[in-house]
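# Topology and contacts: notes
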Amino acid sequence: MGAAAATTTTSLILLLLMFAVLAAGGRTKISRELESNNNGDGLCKQIVETQGYSCEEHRVTTKDGYILSMQRIPTGRSGATTKERPKPPVLLQHGILSDATIWLDMPCDKALGFILADNGFDVWLANVRATAYSSRHTSLSFNDSGTLMAFAAFSRHKVFDMVRSAALLSPIAYMGQLPSPVSRIGAELFLGEAFYWLGIRKIAPEEDRGPPSKLLVDICKQINCSNLVDLTSLSSGPNCCMNSSRSHLNRQQPTSTKNLIHLSQMIRNGNIAMYDYDTEEDNHKHYGQATPPEYDMTMIPTHIPLFLSYGGNDYQSDVNDVHTLIKTLSGHDPDKLVVQYVESYAHLDFVYGENAKQVVYDPVMAFFGSN
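First things first, this report covers the structure right here in the doc. (Residues numbered from 1 in each chain as written. Predicted model: local features only at pLDDT ≥ 70, side-chain atom pairs only at ≥ 80, totals over all residues. Heavy atoms only, no water.)

The next point concerns the overall build of the protein. For the protein, the helix and strand inventory stands at 13 helices and 11 strands. Across the 371 residues in the protein, those meeting the buried criterion constitute 50%. Considering only contacts in the protein between residues 6 or more positions apart, those separated by 24 or more positions represent 75%. Accessible area of the protein: about 16,700 Å², with a carbon and sulfur share of 52%. (Helix = DSSP H or I, 4+ residues; strand = E, 2+ residues; numbered from the N terminus. Buried < 20%, exposed > 50% of the residue type's maximum accessible area, 1.4 Å probe, protein only. Contact = heavy atoms within 4.5 Å. Areas by Shrake-Rupley, 256 points an atom, 1.4 Å probe, with all protein chains shown as cover.)

This next bit is on the pairing of strand E4 (residues 89-93). Counting buried residues along E4, 5 of its 5 residues qualify, which places the element largely inside the surrounding structure. Residues of E4 alternate between two faces, with Pro89, Leu91 and Gln93 on one and Val90 and Leu92 on the opposite face, all of them buried. One ladder, built from 5 bridges, connects E4 with strand E5 (residues 122-126); its direction is parallel. Across the sheet, residue valine 90 finds its bridge partner in E5, namely valine 123. (Pairing = 2+ DSSP bridges.)

To continue, consider helix H9 (residues 257-269). Each full turn of the α-helix corresponds to 3.6 residues, which orients residues three or four apart in the same direction. With 13 residues, H9 should cover 18 Å at 1.5 Å per step; its first-to-last C-alpha distance of 18 Å lies within 8% of that length. Of all 13 residues making up H9, 11 are buried, and the element is well covered by its neighbours. Of the residues making up H9, those classed as buried are Thr257, Lys258, Asn259, Leu260, Ile261, His262, Leu263, Ser264, Gln265, Met266 and Ile267. (Expected span 1.5 Å × (residues − 1).)

This next bit is on the pattern of salt bridges. Enumeration over the complete set of coordinates arrives at 8 salt bridges. When the shortest N-O distance is used, the salt bridge between glutamate 188 and arginine 184 registers 3.7 Å. Here glutamate 188 and its partner arginine 184 are both found in helix H5 (residues 181-188), 4 residues apart, which amounts to about one turn of the helix. The partly exposed category is assigned to glutamate 188, whose relative accessible area is 47%. Across the pair aspartate 362 and lysine 357 runs a salt bridge whose closest N-O atoms are separated by 3.0 Å. One network of salt bridges, in which partners are shared, links Glu56, Arg72 and Asp122. (Salt bridge = Lys/Arg side-chain N within 4 Å of Asp/Glu carboxyl O.)

What follows deals with H5. When we look at burial in H5, the residues that qualify are Ser183, Gly186 and Ala187. All buried residues of H5 project into a common sector of 100 degrees when viewed along the axis, lining one side. Next to the buried residues of H5 lie helix H6 (191-197) and H9. Capping of H5 at its N-terminal end is provided by serine 180; its side-chain oxygen lies 3.3 Å from the backbone amide nitrogen of serine 183. Downstream of H5 by one or two residues, phenylalanine 190 has phi in the positive range, about 55 degrees. (Arc of directions from axis to C-beta. Polar contact = N/O pair within 3.5 Å; in protein donor to acceptor, adjacent residues only side chain to side chain.)

The next subject is the state of the cysteines. In a disulfide, the sulfur atoms of two cysteines are covalently bonded to one another. Counted under the stated rule, the structure contains 2 disulfides. The disulfide partner of cysteine 44 is cysteine 55, and the gap between their sulfur atoms is 1.9 Å. Taking the torsion about the S-S bond as the criterion, the cysteine 44 to cysteine 55 disulfide, at about -60 degrees, is left-handed. Linking cysteine 44 in helix H3 (residues 43-48) with cysteine 55 in the loop between H3 and strand E2 (56-61), this pair joins segments that are 11 residues apart in sequence. Relative accessible area serves as the criterion here: at 2%, cysteine 44 is assigned to the buried category. On the basis of relative accessibility, which here comes to 13%, the residue cysteine 55 falls in the buried class. In this model, cysteine 240 is linked to cysteine 241 through a disulfide, with the two sulfur atoms separated by 2.3 Å. Because the torsion about its S-S bond is -85 degrees, the bridge between cysteine 240 and cysteine 241 counts as left-handed. Residue classification places cysteine 240 among the partly exposed positions, given a relative accessible area of 36%. What makes cysteine 241 buried here is its relative accessible area of 17%. (Disulfide = S-S within 2.5 Å.)

A separate point is the side chain of histidine 332. Take histidine 332: it is sitting in the loop between helix H11 (319-328) and strand E11 (337-342). Take histidine 332: its relative accessible area is 5%, and that puts it in the buried class. Within the structure, the side chain of histidine 332 is placed 2.8 Å from the backbone oxygen of isoleucine 304, a separation counted as a polar contact. With residues up to four places along the chain from it excluded, the contact list for histidine 332 reads Ile300, Pro301, Thr302, Ile304, Leu306 and Leu337.

All chains considered together, the criterion is met by 9 aromatic pairs. Residues tyrosine 277 and tyrosine 287 carry aromatic rings whose centres are separated by 6.0 Å and whose planes lie at 50 degrees to one another, so their mutual orientation is tilted. You can see tyrosine 277 sitting in the loop between H9 and helix H10 (280-287) and its partner tyrosine 287 sitting in helix H10, a full 10 residues away along the chain. Among the residues examined, tyrosine 277 registers a relative accessible area of 24% and is labelled partly exposed. Judged by its relative accessible area of 22%, tyrosine 287 falls in the partly exposed class. A ring pair is formed by tyrosine 310 and tyrosine 341, whose centres lie 5.0 Å apart and whose planes are at 45 degrees; its orientation type is tilted. You can see tyrosine 310 sitting in strand E10 (residues 306-311) and its partner tyrosine 341 sitting in strand E11, a full 31 residues away along the chain. The exposure class of tyrosine 310 is buried, given its relative accessible area of 6%. When its relative accessible area of 42% is taken as the criterion, tyrosine 341 is described as partly exposed. (Phe/Tyr/Trp six-rings, centres within 6.5 Å; stacked < 30°, edge-to-face > 60°.)

Rendered as structure tokens:
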């Protein structure tokens, strides 16, 4: 992340927003242009700097060879710096079928990435492997099998030595009661597994002309896909506060077929476990046991401040599934756990809600300030 970030890792604040299958993918006209003109001008130049913010492009190579794109917004639009105290860094992590532009895809006073920068945070934007900004690898291509991103690093103590506090908006953990018909039908029909055995290693909704696209055409014969509001509601829930005049859902980012398989496994099984390789022999090769190990949410350190915000109409982060998660955190220090319930919110309201700043982002920043 560079010297500036390295000096502040002990005070790192990690902000996560978990999006599930087919629920995200916000795009504006400018970000669509970025994907078609990404030969040197990155997200900073095409989106952030045009809004009057300074921005840095970074490349991070993972231990398994993936070259990830990250952007840093070190100051607010005024460019003023705070000398009295170091600016706390925040990492914004998007979810599946999305990328970092989702944090910038609203007017500056309503987009979380810009709001945090304007309120004195050192903002870092992450783009996970397989997205348009993190599609390179030191040796593999999309036709090769890659590893799956850790779904529950917190429970395995992977990052908490660097994290001061964490906010999870519309948290995806347990998925056994997920009501989204789009996600559940796909899981129950084993569609991810079918694509994988057909040799499809990447699901790219905006690029594919093969089986995934043909499937979407068939679905659209039954559903009026021209009505984005109805299609979005089927996936994310009846969003209360999105501005329907904005072209939020024009494009979705690629993801690994294994990501979809993994999520489908957890939907069907109702647990949080590592990827199931389907045979006892293959699971033994990877885990040393016949079945994949489960992620134990009770292993999350009880002293780490957590902020959970969930909605009553969310089809991806279902209320009952979130309640299951909260129960597993019953041993957490009660002074370190803040739970916010927004009855009217569905999944995309947490990013695209016209009132998200007042309803969610202001409480999140207050939480960070008190921890």
